[in-house]
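What the coordinates show
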Amino acid sequence: MSNSPMNRRQFIAGTTALVALSPLLRAGSLLTGKRMGVAHAAYAIRWKSETPSTRYPGFSDALSMAEHCGKIGAGGVQLGTGGWKEGDAENMKTICEKYDMYFEGQVQLPQSDSDVERFEKNIKNAADAGATLVRTACLSGRRYENFESADAFKSFKKEAIQSIRRAEPIIRKSRIRLAIENHKDWMAAELVAIIKEIDSEWVGVNLDFGNNISLLEEPMEVVKTLAPYSFTTHIKDMGVEEYEEGFLLSEVPLGEGILDLRQMIDICLKHNPGMTFNLEMITRDPLKIPCLTDKYWATFGDMSGKSLAQTLSMVRKFSSEKGLPVIKNQKPEKQLAVEEENILSSFTYSRQTPGLY
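The structure presented is a predicted model; accordingly, all values stated were derived computationally and were not measured.

1. A few points about the packing of aromatic side chains
Considering all chains together, one arrives at 11 aromatic pairs under this definition. Between Tyr-144 and Tyr-296, the aromatic rings sit 5.4 Å apart at their centres with planes inclined by 35 degrees, giving tilted as the arrangement. Here the residue Tyr-144 occupies a position in helix 5 (residues 143-146), and Tyr-296 occupies one in the loop between strand 11 (287-289) and helix 10 (305-318), the gap between them amounting to 152 residues. The exposure class assigned to Tyr-144 is buried, which follows from its relative accessible area of 2%. Taking relative accessible area as the criterion, Tyr-296 reaches 1% and is therefore assigned buried. Aromatic side chains Trp-297 and Phe-300 sit 6.3 Å apart centroid to centroid with 70 degrees between the ring planes, which places their arrangement in the edge-to-face category.

2. Observations regarding unusual backbone geometry
A negative phi angle characterises most non-glycine residues, just as the trans form characterises most peptide bonds. The backbone phi angle of Lys-48 is positive, close to 60 degrees, even though this residue is not glycine. Tracing the sequence through the fold places Lys-48 in the loop between strand 1 (37-39) and helix 2 (62-71). The exposure class assigned to Lys-48 is partly exposed, which follows from its relative accessible area of 49%. In the Ramachandran plot, Asp-100 falls in the positive-phi region, its phi being about 55 degrees despite a non-glycine side chain. Relative to the helices and strands, Asp-100 resides in the loop between helix 3 (88-98) and strand 3 (102-106). Asp-100 sits in the exposed class, given a relative accessible area of 56%.

The rules behind these values
- Residues numbered from 1 in each chain as written.
- Predicted model: local features only at pLDDT ≥ 70, side-chain atom pairs only at ≥ 80, totals over all residues.
- Heavy atoms only, no water.
- Phe/Tyr/Trp six-rings, centres within 6.5 Å; stacked < 30°, edge-to-face > 60°.
- Helix = DSSP H or I, 4+ residues; strand = E, 2+ residues; numbered from the N terminus.
- Buried < 20%, exposed > 50% of the residue type's maximum accessible area, 1.4 Å probe, protein only.

These figures capture arrangement, not role.
This is the structure in structure tokens:
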């Protein structure tokens, strides 16, 4: 858990000031070594935004988001490669080279044999843009919301493994690593078991630092379990708060939450010195984790009540005193502004904190 969370308003004077410093921040190796990247979902509000804004214009595609991330000093980007036009891969590579950023692709697994061609094209786009790995997720939703029964989850698991098996020959041939995220679908041990079953040096994990709190797993134990199999990460900090059916879970700017980010990073680098850290600070209303309802437990089998007790104890101990941030009632321009501030303050915190990126 964080020992001394910082208030972002103590160190950020605003978007303009940080963007002005971005040439210095891009020289991050002189200050802190590696530089943190940005995952696609960090800009979920601004992505394809139709809000008429001169300060926060919507990103029309992956190229425009990459350009912006380069300007604010990001070390890399993790972006989708589907639907690209001719020349987009070359342009992405040019942007990343201009700002000295790495590029990681984001792809959807092939859902059927007829979908393999689409997947192969997306992998080629990633490779042509300079990527050496792509991130994917097996489930677009959340385990405790998507499935009504253990049998439904078992069917999903079987289909997910089949999708990974379809993908493996393509990534092996392309020499592009496939990083599967713990996306509020897999318990840490379940994901490790899948990686071992696939048994390919090209298939590993995109380790999300906070997702598995929603599955009642202790975040540091999740990192210890998944780090040996991880290629890349979604770095984030988390806030929690009680509600009548369980607890609320929210991404918060780095340094304002409950995660011991320094120790998590150290564990990751111990197993993989080349690990990348992509900020996934998602600006949204808190997620409801209804762990005191019957439906929540439908897919977890004989999970011990100890996990529930430990998680609720943690929630009560670290519940946000000021309340978790709520965004839905804000005007669109304000939502865009808060999203940018959250990202920029997270970058500033990472550069002002020894052991972070």
